[in-house]
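A look at the structure
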Amino acid sequence: MYSRKVIIHYTADIVDQPIVHRLVKDYDLAFNILKARILPKREGLLVLDLVGTKENFDRGIRYLKKSGVKVEPLSDRVTQNTDRCVHCGACIAFCSTGALYIDKKTMMVLFDAEKCNGCELCVTACPARAMEIDLF
Amino acid sequence: MKKFKVNKTFKEINEKIRHGKAVVVTAEEMIDIVEKKGALEAARKIDVVTTGTFAPMCSSGVFINFGHTSPRMRASRVWLNDVPAYGGIAAVDCYIGATEVVEGDPLNSVHPGEFNYGGGHVIEDLVAGNVIRLRLEGYGTDCYPARKLEKNITIHDLRNAILLNPRNAYQNYNCAVNMSDKTIYTYMGVLRPRMANATYSTSGQLSPLFNDPYCKTIGIGTRIFLGGTKGYVAWHGTQHNPHVPRGKNGVPKEGAGTIATIGNLIEMSPKWIVGASILGYGVSLYVGIGIPIPILNEDMAQYTSVSDKDIYTQVFDYGVDYPNGVVKSLREVSYKELRSGTITLNGKKIPTAPLSSYYRAMEIANTLKEWIEKGTFLLGEPQEILPSEKT
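Overview of the structure. Because the structure is predicted, anything quoted here is derived from the model rather than measured.

1. Focus: the interface of chain A and chain B
One frequent convention defines the size of an interface as the accessible area lost when the parts assemble. Listed as interface residues are 20 residues of chain A and, on the opposing side, 26 residues of chain B. Summed over both sides, the interface of chain A with chain B buries roughly 1,800 Å², with 57% coming from carbon and sulfur. Counting the surface chain A buries against chain B, the share from its top three residues, Val86, Met107 and Pro127 of chain A, is 28%. In this assembly, chain A and chain B are joined by one salt bridge. The salt bridge involving arginine 84 of chain A is made with glutamate 124 of chain B; its shortest N-O contact spans 2.5 Å. Seen at the junction of chain A and chain B, the total is nine residue pairs in polar contact (both at pLDDT 80 or more).

2. Regarding the sheet that holds strand E4 (residues 70–73) of chain A
Residue and element names in this part refer to chain A. Ordered in space as E2-E3-E1-E4, the four strands form an open sheet in which the pairing is antiparallel. In this open sheet, the two edge strands, each paired with only one partner strand, are strand E2 (30–38) and E4. When strand polarity is set aside, the average angle formed by the axes of neighbouring strands in this sheet is 20°. With four bridges connecting them, strand E1 (residues 2–10) and E4 associate as antiparallel partners. Within the sheet, the bridge partner assigned to valine 6 lies in E4 and is proline 73. Contacts between helix H1 (residues 19–27) and the sheet are confined to E1, E2 and strand E3 (44–52), with E3 contributing the most and set at about 10° to the helix.

3. What about the sheet that holds strand E21 (residues 292–294) of chain B?
Residue and element names in this part refer to chain B. The strand order across the open sheet formed by three strands is E1-E2-E21, and the pairing between neighbours is mixed. Since the sheet does not close on itself, it has two edges, and those belong to strand E1 (24–26) and E21, each with one partner. Neighbour-to-neighbour, the strand axes of the sheet open up by a mean angle of 25°, direction not taken into account. Across three bridges, the pairing between strand E2 (residues 48–50) and E21 is antiparallel. Note that in E21 the partner of threonine 50 across the bridge is proline 292.

4. A word on the nonpolar core
Met30, Ile64, Phe66, Leu80, Ile96 and Leu265 of chain B are the most contacted members of the largest nonpolar core, which has 119 residues in total. Broken down by element, the residue count for this core peaks at eight residues, all from helix H6 (residues 358–374) of chain B. Taken domain by domain, this core gets at least three of its residues from each of domain 1 (2–74) and domain 2 (77–133) of chain A. Aside from chain neighbours lying at most four places away, what touches isoleucine 64 of chain B is Leu80, Val92, Asp93, Cys94, Ile96, Leu126, Leu158 and Asn160 of chain B. One finds Ile8, Val20, Tyr27 and Val71 of chain A within the second-largest nonpolar core, a separate group that totals 18 residues.

Criteria and thresholds
- Residues numbered from 1 in each chain as written.
- Chains lettered and ligands numbered in written order.
- Predicted model: local features only at pLDDT ≥ 70, side-chain atom pairs only at ≥ 80, totals over all residues.
- Heavy atoms only, no water.
- Contact = heavy atoms within 4.5 Å.
- Buried area = accessible area lost by both parts, 1.4 Å probe.
- Salt bridge = Lys/Arg side-chain N within 4 Å of Asp/Glu carboxyl O.
- Polar contact = N/O pair within 3.5 Å; in protein donor to acceptor, adjacent residues only side chain to side chain.
- Pairing = 2+ DSSP bridges.
- Helix = DSSP H or I, 4+ residues; strand = E, 2+ residues; numbered from the N terminus.
- Axes fitted to C-alpha atoms, helices over the stretch in contact; angles between N-to-C directions.
- Core = buried A, V, L, I, M, F, W, Y, C linked by side-chain atoms within 4.5 Å.
- Buried < 20%, exposed > 50% of the residue type's maximum accessible area, 1.4 Å probe, protein only.
- Domains from an automatic or database assignment.

Below, the structure is given as structure tokens:
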């Protein structure tokens, strides 16, 4: 099974289309909504964890792009600013997915973007403000 | 007076350092050396053990003299990037404290406050050479007539910028948990309800004062690594308390000794002086400190070989007990256990997280080791040892 977390940005004109439903029906993808936001002009974003076969996942992504939404991997939008990080480890108490962890060998705080679910708790929990998330 | 088989003096060790012959190891490396060779043999071989710590240290701040203006001014109120500094020192002197919050910050009115900017960040901006808006107000005197002034400055425009931290490098510190039913936001970080996480804040076996538990070699004038350059121990720190329960190895089992540190901020680096925003609590400053411990005799070799498994602290409830001033330890826990990632409390496994950077502490100990090996950093013999318990 292939699993990836993606951000879907949609515009107001396609907000009434059941695109997530199509992912399930036509491409046999299971989804888990990690985040959903609708902005004042009815544009918005969805952060989804999509699970299925690699082939279906790729086809599903192609469908999304064709239907006019912008799709990108969540991992592209969450970064550890290594110039700011002091490797204290305060963040690991918040990170429920284990994306942030201390490497026992080097004692450095490392970030595995693939594990991140975009909860954003680390952003304000980091005293040095080293975690950067830009979902929009 | 105890008789030792190895007897070295600061002077002798400094002579070796000058000639590039001193044998220097980090406090981490010393653990194995003493375990394999014994304290006596280690004392003969090793001259200096370097330590390090890097963590938010609240009791920190900078004395600034920004120089006279024309016309002159008795600046009684001072702001740096809208962060108030204390101006009641002299005409153009102030003290900016690490925990002062920027004016207009919503604080905790929208709880938990983010505290994105404050004294700690001003200090980091100064060290980084960034432009700072200096705002002054005076009441006007015959000799100092000006009443208002605003200008942009950098650290290079200042006549003096002296980091003087009244309390740093705590010898030990609490491990914090939260036994209440709601999430709390403390200086020990965010603590989730019903003991869902535990935080602690020392570098354990690398921490300076754990390696000289009775402060036998540390005192006024001890030369140290401070903020990326050399600094000094100025005095014992505020709240310094040597009279606490100790293990057989002499290491305090709770908060004990502290040091006041001093150094030239202008020579420091923003890598080692970093502003900290602590969610729902306030602003602070990460400070990097390292102390070289001279191995004067076999006792000092033994002390500096202390490892995380033999260093203990107390777990306190920050949900109810701590805020109410109730001193009730929930259990004693070793730093080995804390650093393993989980501790057990009342039968429950609790994930732990440090607030102190072990990685940076190692870097400091190694940097200090290099400086001493190169002969660019000599030991400062204390004029007066810190107050301590007799052994």
